[in-house]
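Per-entry structural report
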2 protein chains.
Amino acid sequence: MTIVIHTIPGSPFARMALLACEEKGVAWRMQPMAPGQHKQPEHLTRHPFGRVPVIEHDGYWLYEAQAIVRYIDAAFDGPALTPNDPKQIGRMSQVMNIMDWYAMPSLTSGIGFNRVVAPIFGIPVNEEAVQAAIEPGRVCLKALEQLLGAQAYFTGDNVSLADLVAVAHLDMIPGTPEGAQLMAGSSLLGWLERMAARPSVQRTAMMRIMAEYAPAAA
Amino acid sequence: MTIVIHTIPGSPFARMALLACEEKGVAWRMQPMAPGQHKQPEHLTRHPFGRVPVIEHDGYWLYEAQAIVRYIDAAFDGPALTPNDPKQIGRMSQVMNIMDWYAMPSLTSGIGFNRVVAPIFGIPVNEEAVQAAIEPGRVCLKALEQLLGAQAYFTGDNVSLADLVAVAHLDMIPGTPEGAQLMAGSSLLGWLERMAARPSVQRTAMMRIMAEYAPAAA
């Protein structure tokens, strides 16, 4: 009944699946791929769009990270990661989609990728992309801060899928020069601290997963 | 208790909200905006990213179309638009996200916008964008056809949010030369026929909504 996660180690989208497993207490195993393998025929049979992650659970295959975390939450016992209140269901889904539509192109691809990921892989840093991400990143962080409000987590007192999706994108941001400036004084820093204290977040940290799985993928 | 939908008439993302209201039997009212108004300060207070739609229901404001349809489904009686089975919850969410990530840039923006929307507004047709959309559009339609399989709807015998989100993107595609060719022989055409027979789909057809609301928006 272990969930097998096919991914390139380090992917923030795969991390969402890992986080959901950890929060629910679901056993998982990573089937690591080297960068590039995700565009090869073998992986295209699992994911026609050639992305990661894909999960496999007892004969059920699924791609798309948001779908994966919703599946894991629905399929397993353990703490509910979706609120019951319709207004909070709306908020959770809103935050999840904000991450896809707005945080991903600005904060994750623009700032996080260039400042954190590119140096690890020896990829040239695209300074123009970093600069272009600052204003949309600011808008995104402000919108998220507004939605967080005075709450501990995005939908209230308990962690939901919104927090898991958001932390996978945001936790590398304050460690970058641009991100540190954008987040100075933001209440999102308190939320990130609360998230960083969770075993699920520690266990799935990008550097930890990469160190653990990189040799197998090489 | 009417849901007020702030949008530019004709938006496929607003149509998802309209479709959900119609399927649930929820009263809605459109607050139309002219193109461009969605980037003005008044709308930016409703939607910091300057997009449409935004809904307002009894003091609750929400943007992001997927979040809106999930809210409408959870908040109101009427037929459930989300399946109970975790595997089908995963499938529904997968289709919804495929529409956002893959159908939107290729089929909707590339082919649908240029072949259907641009001529209506007298916008120059970007033939390069149409051509660039054909291959990714093919991959997307094939993936959707595979997920539909022999089912009547994407999660089985009943319409779910996946069908509503998908029809908002796909119903203009077979009427375009490129779309007709890409969809020739596809089982998605049968699904589109089943969807087209639904009052919700007829009531929210793009041309009908635009004709009804365009004068007020001018």
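What counts, and at which threshold
Residues numbered from 1 in each chain as written. Chains lettered and ligands numbered in written order. Predicted model: local features only at pLDDT ≥ 70, side-chain atom pairs only at ≥ 80, totals over all residues. Heavy atoms only, no water. Phe/Tyr/Trp six-rings, centres within 6.5 Å; stacked < 30°, edge-to-face > 60°. Helix = DSSP H or I, 4+ residues; strand = E, 2+ residues; numbered from the N terminus. Buried < 20%, exposed > 50% of the residue type's maximum accessible area, 1.4 Å probe, protein only. Lys NZ or Arg CZ within 6 Å of the ring centre and 35° of its normal. Axes fitted to C-alpha atoms, helices over the stretch in contact; angles between N-to-C directions. Parallel < 35°, antiparallel > 145°, perpendicular 65-115°, else oblique. Contact = heavy atoms within 4.5 Å. Nonpolar A, V, L, I, M, F, W, Y, C, P; charged D, E, K, R; others polar. Pairing = 2+ DSSP bridges. Right-handed = clockwise from strand over helix to strand, strands pointing away. Buried area = accessible area lost by both parts, 1.4 Å probe. Salt bridge = Lys/Arg side-chain N within 4 Å of Asp/Glu carboxyl O. Polar contact = N/O pair within 3.5 Å; in protein donor to acceptor, adjacent residues only side chain to side chain. Expected span 1.5 Å × (residues − 1). Bend = angle between axes of the 7 residues up to and from the residue. Domains from an automatic or database assignment.

1. Things to note about the packing of aromatic side chains
- Within this structure, the stated rule accounts for 11 aromatic pairs over all chains.
- Between A:Phe49 and A:Tyr63, the ring centres sit 6.2 Å apart and the planes meet at 70 degrees, which makes this aromatic pair edge-to-face. In this pair, A:Phe49 sits in the loop between α2 (41-46) and β3 (54-57) while A:Tyr63 sits in strand β4 (residues 60-63), placing the two residues 14 residues apart along the sequence.
- When the ring of B:Tyr60 is compared with that of B:Tyr71, the centres are 4.6 Å apart and the planes differ by 40 degrees; the resulting orientation is tilted. Remark: B:Tyr71 occurs in helix α3 (residues 65-75) and B:Tyr60 occurs in strand β4 (residues 60-63); sequence separation between them is 11 residues. Like B:Tyr71, B:Tyr60 is buried.
- Put simply, the rings of A:Phe49, A:Tyr63 and B:Tyr102 pair up and form one aromatic cluster.
- The residue whose ring lies beneath A:Lys87 is B:Tyr60, and the NZ or CZ to ring-centre distance is 5.6 Å.

2. What to know about the packing of α3(B) against helix α4 (residues 86-121) of chain B
Residues and elements named next belong to chain B.
- At a minimum axis distance of 11 Å, the contact between α3 and α4 shows a crossing angle of 150 degrees. Relative to α4, the element α3 lies roughly antiparallel. Together, Gln66, Val69 and Arg70 of α3 and Met92, Ser93, Met96, Asn97 and Asp100 of α4 make up the contact between the two elements.
- For the contact of α3 with α4, the per-class residue count stands at 3 nonpolar, 3 polar and 2 charged.

3. Considerations on the sheet that holds strand β1 (residues 3-7) of chain A
Residue and element names in this part refer to chain A.
- If you trace the 4 strands from one edge of the open sheet to the other, you get β2-β1-β3-β4, paired in mixed fashion. On the outer flanks of this sheet lie β2 (28-32) and β4, each paired with one strand and no other. Going from strand to strand, the sheet's axes swing by 20 degrees on average, the running direction of each strand aside.

4. Regarding the pairing of strand β1 (residues 3-7) of chain B
Residues and elements named next belong to chain B.
- For β1, the buried fraction is high: 5 of the 5 residues fall into the buried class.
- As paired strands, β1 and strand β2 (residues 28-32) are joined by 5 bridges and run parallel to one another. Following the sheet pairing, Thr7 is matched in β2 by Pro32.
- Running through helix α1 (residues 12-24), the crossover from β1 to the neighbouring parallel element β2 is right-handed.
- Of the pairings in the sheet, the one linking β1 to strand β3 (residues 54-57) comprises 3 bridges and is antiparallel in character. When the sheet's bridge partners are listed, Ile5 is paired in β3 with Ile55.

5. A closer look at the interface of chain A and chain B
- Contact residues are listed per partner, giving 33 residues for chain A and 33 residues for chain B.
- Buried surface at the junction of chain A and chain B, summed over both partners, amounts to about 3,200 Å²; 64% is from carbon and sulfur atoms.
- Ranking the residues of chain A by area buried against chain B places A:Phe49, A:Trp101 and A:Tyr102 at the top, with a combined share of 21%.
- The tally of links between chain A and chain B comes to 0 salt bridges.
- Summed over the shared surface of chain A and chain B, the result is 16 residue pairs in polar contact (both at pLDDT 80 or more).
- Those elements that provide at least two residues to the side of chain A that touches chain B are β4, α3 (65-75), α4 (86-121) and α5 (127-148) of chain A.
- Here the side of chain A that touches chain B gets 13 residues from one element, more than from any other, and that element is α4(A).

6. Here's the deal with α5(A)
- Given a rise of 1.5 Å per residue, 22 residues ought to cover 32 Å, and the 30 Å separating the end C-alpha atoms of α5(A) matches this to within 8%.
- The sharpest bend along α5(A) measures roughly 35 degrees and falls at A:Ile134, with the proline A:Pro136 sitting one to four residues further on.
- All of the buried residues along α5(A) are A:Val130, A:Ala133, A:Ile134, A:Gly137, A:Cys140, A:Leu141, A:Ala143, A:Leu144, A:Leu147 and A:Leu148.
- Elements that come into contact with the buried residues of α5(A) comprise α4, α6 (161-170), α7 (177-183) and α8 (188-196) of chain A together with β4 of chain B.
- With a side-chain oxygen lying 3.2 Å from the backbone nitrogen of A:Glu128, the N-terminal cap of α5(A) falls on A:Asn126.
- The first or second residue beyond α5(A) is A:Gly149, which carries a positive phi of 55 degrees.

7. Details of the sheet that holds β2(B)
Residue and element names in this part refer to chain B.
- Taken in spatial order, the 4 strands make up an open sheet running β2-β1-β3-β4, and their pairing is mixed. Either end of the sheet is taken by a strand with one partner, and the two such strands are β2 and β4. This sheet shows a mean twist of 20 degrees between the axes of neighbouring strands, independent of strand direction.

8. Considerations on the domain arrangement of chain A
Residues and elements named next belong to chain A.
- Split by domain assignment, chain A resolves into domain 1 (3-80 + 202-217) and domain 2 (86-198).
- Here the C-alpha centre of domain 2 lies 20 Å away from the C-alpha centre of domain 1.
- With 17 residues of domain 1 at the contact, the number on the domain 2 side is 23 residues.
- At the boundary of domain 1 with domain 2, total buried surface from both sides reaches about 1,700 Å², with 66% on carbon and sulfur atoms.
- The largest per-residue losses of area from domain 1 upon contact with domain 2 belong to Glu23, Gln66 and Arg70, which jointly make up 29% of the total buried on that side.
- Counting the contacts that link domain 1 with domain 2 gives 2 salt bridges.
- We note a salt bridge from Arg198 to Glu23, for which the minimum N-O separation is 2.8 Å.
- On the surface where domain 1 and domain 2 come into contact, there are 9 residue pairs in polar contact (both at pLDDT 80 or more).
- Listed by contribution, the elements that provide at least two residues to the side of domain 1 that touches domain 2 are α1 (12-24), α3 and α10 (206-217).
- For the side of domain 1 that touches domain 2, the element with the highest residue contribution is α1, accounting for 7 residues.

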